[in-house]
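Here's the letter readout for the chains.
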Amino acid sequence: MQLIDVVTAYLYGDLDSEIYRKVPDGFTLPKSSDSKPRSAFVIMLKRSLYGVKLLGRMRYTRLSDYLIGKGYKNDELCLCVFIKKTSFGFAIVAVYVDDMNIIGTLDEIRETASYLKSKFEIKNIGKARILFRS
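To start, this report covers the structure provided alongside it. (Residues numbered from 1 in each chain as written. Predicted model: local features only at pLDDT ≥ 70, side-chain atom pairs only at ≥ 80, totals over all residues. Heavy atoms only, no water.)

A count of helical and extended segments in the chain gives two helices and eight strands. Out of the 134 residues belonging to the chain, those deemed buried represent 31%. Counting only carbon and sulfur atoms, one obtains 57% of the accessible surface of the chain, whose full area is about 9500 Å². (Helix = DSSP H or I, 4+ residues; strand = E, 2+ residues; numbered from the N terminus. Buried < 20%, exposed > 50% of the residue type's maximum accessible area, 1.4 Å probe, protein only. Areas by Shrake-Rupley, 256 points an atom, 1.4 Å probe, with all protein chains shown as cover.)

The six strands are arranged 4-5-6-7-1-8 in an open sheet whose pairing can be described as antiparallel. Here the strands that pair on one side only, and so sit at the sheet edges, are strand 4 (73–74) and strand 8 (122–126). Bridging between strand 1 (residues 2–6) and strand 8 involves four bridges; their strand directions are antiparallel. The partner of Val-6 across the bridge, within strand 8, is Ile-122. (Pairing = 2+ DSSP bridges.)

This part is about the packing of aromatic side chains. Evaluation of the coordinates by the stated rule reveals two aromatic pairs. A centroid spacing of 6.2 Å and a plane angle of 40° characterise the contact between Tyr-60 and Phe-82, whose relative ring orientation is tilted. Residue Tyr-60 is located in helix 1 (residues 54–69), and its partner Phe-82 is located in strand 5 (residues 81–85); the two are separated by 22 residues in the primary sequence. Here Tyr-60 falls in the partly exposed class, since its relative accessible area comes to 26%. Centre to centre, the rings of Tyr-66 and Phe-120 are 5.7 Å apart; their planes meet at 90°, and the pair counts as edge-to-face. With Tyr-66 in helix 1 and Phe-120 in the loop between helix 2 (106–119) and strand 8, this residue pair connects regions lying 54 residues apart in the sequence. (Phe/Tyr/Trp six-rings, centres within 6.5 Å; stacked < 30°, edge-to-face > 60°.)

Counting residues in hydrophobic clusters, the biggest one holds 18 residues, and the most contacted among them are Leu-63, Leu-67, Tyr-72, Val-93, Met-100, Leu-116 and Phe-120. Elements supplying a minimum of two residues to this core: strand 1, helix 1, strand 6 (90–96), strand 7 (99–104) and helix 2. The element contributing the most residues to this core is helix 2, with four residues. Those residues in contact with Leu-67 that lie beyond four places of it in its chain are Tyr-72, Phe-82, Val-93 and Leu-116. (Core = buried A, V, L, I, M, F, W, Y, C linked by side-chain atoms within 4.5 Å. Contact = heavy atoms within 4.5 Å.)

With 14 residues, helix 2 ought to run about 20 Å at 1.5 Å a step, and its terminal C-alpha atoms sit 21 Å apart, in line with that. For helix 2, the complete set of buried residues consists of Glu-108, Ile-109, Thr-112, Ala-113, Tyr-115 and Leu-116. Each buried residue of helix 2 sits inside an arc of 155° when the element is viewed along its axis, so together they form one side. Seen from the open side of helix 2, the exposed residues pointing more than 90 degrees away from its buried face are Leu-106, Asp-107, Arg-110, Lys-117 and Ser-118. (Expected span 1.5 Å × (residues − 1). Arc of directions from axis to C-beta.)

Bear in mind that shape data such as this cannot, by itself, settle questions of function.
This is how it looks when you write it as structure tokens:
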């Protein structure tokens, strides 16, 4: 078993819809906007931003599409689990927010970690010590 953390996971979510936010404090508005109150303006996000609830789904969709493209099957009962079986072994990827637990044969675990490292910035935390906690 190997535990992996996706560094800055929320920055990997591509936006599939337009998302607008209030203009944050400290952001300078154009001089031509002096006659309007600050509350009359919004900004449109071009990339995902930590704290926007919709972005977790977008990040998951990107990860899911990537793993399925690499031959993994999404578990029907638990959508956070991806399974890949080969003639050499198997790998199971369990996703929880920005962490992934990879379980399987040693070669498949290494290959899975290599796939993920080629697409995302990841940090290998090492062997998982606790799988389930009540």
